[in-house]
Structure formats: structure tokens, C-alpha cells
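If you want the building blocks of each chain, they are given just below.
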Amino acid sequence: MSKVLVVADIKQGDLKSSTSELLSKAKAIGAERAVVAIGGNIESLSSDLANAGSDTQYIANDPGLELFSAGPYTTCVVDAARQFDADMIWFGFSESGKAVAPRVAAQLDAACATEITDVILEGGHIEVVRPAITNKVIQRVKINTDKLVAVVRAGAFEAVEEITGTENVVELSPPESDLKAVIKELVSDASGEIDLADADIVVSVGRGAKDQAGIDLVKDLANDLSAGFGSSRAMVDGGFMAHNKQVGQTGKIVAPTLYIAIGISGAIQHLAGMNGSKVILAVNKDPEAPIFNVADYGIVGDLFEVVPILREEIKKLS
Amino acid sequence: MKILTTVKKVVDVELTMRVEDGAIVEDGMQYVINAWDESAVEASVQLKENNGAETTLVSVGGGDNTDMIRRCYAMGIENGIHIEDPALDKADSSIYARVLQMVYEKGDYDLVITGKQAQDTDSGQTGIILAEYLGLPCVSNVVAIEVLDGQHIKVSRSGDAGTEIVEMELPALITVDVSINEPRLPQMRGIMMAKKKKIEVMDLAALGVSADDISAAAPRSEIVEYMASKTRKGGQKFEGEPADITAQVVDLLANEAKVL
Ligand SMILES: Cc1cc2nc3c(=O)[nH]c(=O)nc-3n(C[C@H](O)[C@H](O)[C@H](O)COP(=O)(O)OP(=O)(O)OC[C@H]3O[C@@H](n4cnc5c(N)ncnc54)[C@H](O)[C@@H]3O)c2cc1C
């Protein structure tokens, strides 16, 4: 029986949905399941971690782990992987996961695969499926080692309702801090905002919105819908939106129920981050914009005119 | 400061990809410098210009990389190393990292800058694994670099909850995101000078890697098949009076798609 260690995705003290999604997949392939949770103030999470579907919870809880630092986080995951004797270590999609997974693989002499959308146990070896070349193709990759470290693409696995676990906490000793790469500060504007990765609806703004006034207009729509508020790269490079709001190949991968793209052309790098959404609505004044090739519903029009009407019509629904 | 920058040649992602019998059809493919590596090159050249540095690039595999390396010379990189060997045909990230480790150890570098991922695999592993092999401090997804003194740099990393500010002791490795800069276009003078510059091409033996080392480093993963990705189809597109079509679409979102 294979043993899967899932690295818990914790943001601002909350356990994110990817953790139970990954544990559900582990259950589906008949694996023994554990989680490792790392953070500064997470003692209260153990029952959530069990309920997400794990039977062992490795917990590294230390004030020094409050801010993300790849070195110490790696040490914790490697420690848990060795204690559990994991043959697969799965991270949910996150920047921290992408930073830590290759390090864990190097330390465990394991293979590493990122952005995977499926895992198959095939005649004694592991295979994974993942997109490549800006999502233009899909690769089937054979793993030649006994151990695999993987980062799972957002939205790849679904959580099953009936998953349960048992609480069995193993405390990890706090790792040494990285004295050669010292995290000094986290400049954040995300507090209080809806996390893009978790949001049911995501509204994203592109260069079509032009400036701050345009962004505010689109943001009001996001607020009305209690939606996550994202952006194309153009608005991040323009200095209007924070890096961690960027949706796309080099930003966040999102797969919400509804994705609303406002004034976004639909470059392949942007599509790579959102074309797993269930339903896509696009507003663009150019009827030939490539975003319409992936949008389920398209409104050809000037966003400055359309967005206020959109808000009015949506308000009428409630 | 001595800077080593890694660059890889990749397929041009803007072209249409065709998959036949589990492989990508190579016909009509064009190859370009990986966009993230181009940003790594630009970052190195800016450090050279602003703080004084010696810049070297290394590229592993890719066949004839002359044009790409000359382009980097024209941007301002001073030295170029190209490692090419048939044994690297099936290389994965960990093997690339092993080869880059050998290159690093032959120089006396203070800073390694790699792109955070390559456009052909989108794996994002090689730089980070290289840092592990070298035991160097590493920060990935860097969007700004500041030199503090001869021994320290301060970098901004785009993280999950915001921008992380990290102070690093040199020697160190960083992987950069494309948003760190806008790579310059090579100018005529640079292009002319680049033509005269030499590229150091080596096979694994010249690098001091033995056949045993290579077989010991069998790829940990291998691509067994390519498939065409599922393409989404465009749905209904509405043109006309904004008030009418917007009301119509909201109704469809609520009652047809049932997502509002
Ligand atoms: C290696 C690499 C990685 C990248 N990663 C990402 C990524 O992660 N995410 C990302 O988004 N991009 C990424 N990009 C950039 C990408 O290629 C595009 O440049 C970017 O997505 C364009 O942003 P945009 O659609 O907002 O702007 P544009 O392409 O300029 O599009 C603006 C759109 O707004 C429309 N418009 C203008 N005015 C109005 C109006 N009044 N009303 C309605 N519509 C209007 C226009 O018709 C146009 O379609 C990457 C590029 C590279 C090379």
C-alpha cells in the first residue's frame, strides 16, 4: 500500500480546501494518509487536519515558522516524510509548495513533478499527467524512483464529502532557521480579502481598465459578488495590482465556478491560469479578442459601460 | 561580484503545437531563449552596470545555441559556456542541475541567477535543485534585487500572502520571474561586438564528468507520451445594445449555467 504525505495548505491560520482535495485523491488510490502542517500558530488545527482526511498529523508549530522560509519548511517536510516513510509527498498549488517541493526531492533522492493533474499507479511504478508548454500539450511522465514529490495543480482533484480521518498528532521539533536567507518582512495587502485560490467566483481585470479608476470599477463588481479579485500581468507590471493577484502561467492558477475576465485579451499565458474554470464570462470591446475563444459567455462592449449594468443586473437577482 | 546565469533554448510557445503518435511534431517549430532566462540575463547585466560584476552564462543542451548566446552577449553578457553531449538527450531537471553544479564549481561565482521555470516544461525545478546540490541559500520567484554590500543582497519574492523581503548571504542562488524587468533589445553595436566573441563549447568529458557519473544520474522521471491538451470551445458571444445583452447574459448565468 502506498503512503501519501500531504503538505497542508495553511493561509492566515486557516486550512485551505486543497488539503482535503489531495487527501481525497490519496484515499481514492488506496493510500495510507498523513499530513504535515507547518506554521507559527496552528495548535488548534489538528482536528481540522484529521477531518480533512488524514490519520496522522505531523505538526511543526513554532513562532519561527510564522513567515514562510523555504529552508526550514523543507526540513519539516523531510522530517515528516522520513517518520511516515512516505513514498509520495504532495503539495497543493502554492508559491511555497513550488519553492519547497524540489528541495524536498533533492534531499530525499526522489523525483519531482510540478503542476500535476493526475497520478496513476501503473504496474509497480508511478506515472503522472501534467500540462506543459504553456498548457499547449499534456505530458504523461513515468517516475523512475520509488519516491515522488509532486505539486498538484489547482482544481485537479476533488474533495469527497465522506472523507474522514483520525486524530493522531506527532509534534515535529522546530527546524533551525536559515541564517543565509533571512526573511525580514512580508509586505501584504491581502488581509481581509478573499483568497483567489479558494474563491467560488473570480473577477479579473486587464489592461482594458486602463487606470486606478477602471480597476476600482471592476473591483466593485468583485465585491458585490464576494468574489476573489485577480488581474492580468499587464496590470501587475503597470504597478496597479499586487503580484500575488496575477492569474496565469507565472501567477495564480485558479479554477472557480465562475471566472469573469474584464478587459483581458486572453493571451495563452493568462489562459494557462484560468481555463480550468467551470464557466467563463468575458467582457471585451474587441469581438476578435482571443478570450472569446474560451469564454462560455461573451459580452462585446466597452467595460466602462458594461460593468455598471452588470452590477445592476446582478443586484436584481437577489 | 561574479555572476553565473543559466539560459535554455525552448520552443516558441506562441506557435501552434501539433501532437502525433505521442510526440510533438517538430516540423515548423522555432526555438527561442526561454523568457524567464532572458529576464535572468537582463538582471545580470543590470547588476553589472549598476554595481560592477563579471557576467557568465551557461547553457546545457539545445543543439546549436550560437544565435541565442550571441543575443545574450549583445545584451551585455561577457562570457558564454555551452555544454552539449548526446548523453544529455534524456536529461531531467536533476541531471541538468548536476551538470550546472560542475560548471559552478569550476568558477568562483558569487551569485547564480536562473529563470524560475522554462517554457518547454514549465517545471520550475532546475535552479532550486541546483542550489540544494551546491548547498547555497536560495530564493525563488524573485521580482527585485538590491545589492547591500559585497557579501549580501536583498531580494523581493512574490509569495502566497504578499511580497517577501529576504536578505541573502553570498554566494547564493536566485530564480527570477519575468516581471523582474523588461529585457532590453540588443543594439547594433552590441550585435556587431557579439559576433567576434567566442563561445566555450564543451562535452561532458571536457567538463570532467565521467560516464559513471552520467549513468549514476539516470533521469528520475521521463516523458513517455505527449497528448494534445483539451481545448475549450467558445460559447455564446453577444453584440449589441449594452443594456440588453448584459441583462441577457446575467439571466443565462443565473438560469442556464446556474453560477449566479
Ligand atoms: C513568460 C511569460 C509569462 C507570462 N505570464 C502571464 C501570466 O501569468 N498572466 C498574465 O495575465 N499574463 C502573462 N503574460 C503576459 C501575456 O502574454 C499578456 O501580455 C497579458 O496577459 C496581457 O494582459 P491583458 O490581457 O490585460 O492586456 P492586453 O493584451 O493589452 O489586452 C487588453 C484587452 O482589453 C481590451 N479593452 C481595451 N479597452 C477596453 C474597454 N474599454 N472595454 C473593454 N475591453 C477593452 C482590448 O480589446 C484587449 O483585448 C506572460 C508573458 C510571458 C512572456
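Procedures and definitions
- Counting restarts for each chain: residues are numbered from 1 in the order of the written sequence.
- The order in which chains are written sets their letters, starting at A; the order in which ligands are written sets their numbers, starting at 1.
- Per-residue local features are limited, in this predicted model, to residues with pLDDT of at least 70; the limit for side-chain atom pairs, both in listing and counting, is 80 or more; totals at the level of whole chains, interfaces and linings are taken over all residues.
- Processing note: side-chain calculations cover all non-hydrogen atoms of the structure and skip hydrogens and water entirely.
- We call Phe, Tyr and Trp rings a pair once their centres come within 6.5 Å, taking the six-membered ring for Trp, and we label the pair stacked below 30 degrees between planes, edge-to-face above 60, and tilted otherwise.
- To qualify as a helix, a DSSP run of H or I must reach at least 4 residues; to qualify as a strand, a run of E must reach at least 2; elements of each kind are numbered from the N terminus.
- Relative accessibility thresholds used throughout: buried, under 20% of the residue-type maximum; exposed, over 50%; partly exposed, between the two (1.4 Å probe, protein chains only).
- For a ring to carry a charge above it, either NZ of a lysine or CZ of an arginine must fall within 6 Å of the ring centroid while also lying within 35 degrees of the normal to the ring plane.
- We treat two strands as partners when DSSP finds at least two bridges between them.
- As used in this structure description, the phrase polar contact means that two N or O atoms lie within 3.5 Å; if the pair is within protein, one of them must be able to donate a hydrogen and the other to accept it, and residues adjacent in sequence are counted only when both atoms belong to side chains.
- Only heavy atoms enter the contact rule, under which two residues are in contact if any of them lie within 4.5 Å.

## Points about the packing of aromatic side chains
The geometry of two aromatic rings is summed up by the distance between their centres and the angle between their planes.
Argument step 1. Scanning the model with the defined rule gives four aromatic pairs over all chains in all.
Argument step 2. Ring centres of Y58 of chain A and F84 of chain A lie 6.3 Å apart, and the angle between their planes is 65 degrees; on these two criteria the pair is classed as edge-to-face. Placement of the pair is Y58 of chain A in strand β5 (residues 56-61) and F84 of chain A in helix α3 (residues 70-84), with a sequence separation of 26 residues. Neither residue differs from the other here; Y58 of chain A and F84 of chain A are each classed as buried.
Argument step 3. Seen in terms of ring centroids, W90 of chain A and F157 of chain A are 5.9 Å apart; in terms of plane orientation they differ by 50 degrees. Their pairing is tilted. Of this pair, W90 of chain A sits in strand β6 (residues 88-91) while F157 of chain A sits in the loop between β11 (148-152) and β12 (169-171), and the two are 67 residues apart along the sequence. An identical accessibility class is assigned to W90 of chain A and F157 of chain A; each is buried.
Argument step 4. The ring of Y109 of chain B is capped by K2 of chain B, whose NZ or CZ atom sits 5.1 Å from the centre of that ring.

## Some details on the pairing of β11 of chain A
Residues and elements named next belong to chain A.
Argument step 1. With five of five residues buried, β11 is to be regarded as a mostly interior element.
Argument step 2. A two-sided burial pattern is seen for β11, the buried positions comprising L148, A150 and V152 on one face and V149 and V151 on the other.
Argument step 3. Taken together, the four bridges between β6 and β11 define a ladder with parallel strand orientation. Paired with W90 across the two strands is A150, which belongs to β11.
Argument step 4. Pairing of strand β7 (residues 111-116) with β11 involves four bridges; the strand directions are parallel. Residue C112 lies in a different strand from β11, and its bridge partner there is V149.

## Digging into the side chain of Q249 of chain A
Argument step 1. Within the secondary structure, Q249 of chain A is located in the loop between α6 (233-237) and β16 (258-262).
Argument step 2. The exposure class assigned to Q249 of chain A is buried, which follows from its relative accessible area of 8%.
Argument step 3. Within the structure, the side chain of Q249 of chain A is placed 3.3 Å from the side chain of T134 of chain A, a separation counted as a polar contact.
Argument step 4. Apart from the residues lying within four places of it in its own chain, the contact partners of Q249 of chain A are T134, Q269, A272 and G273 of chain A together with W36, Q117 and D122 of chain B.

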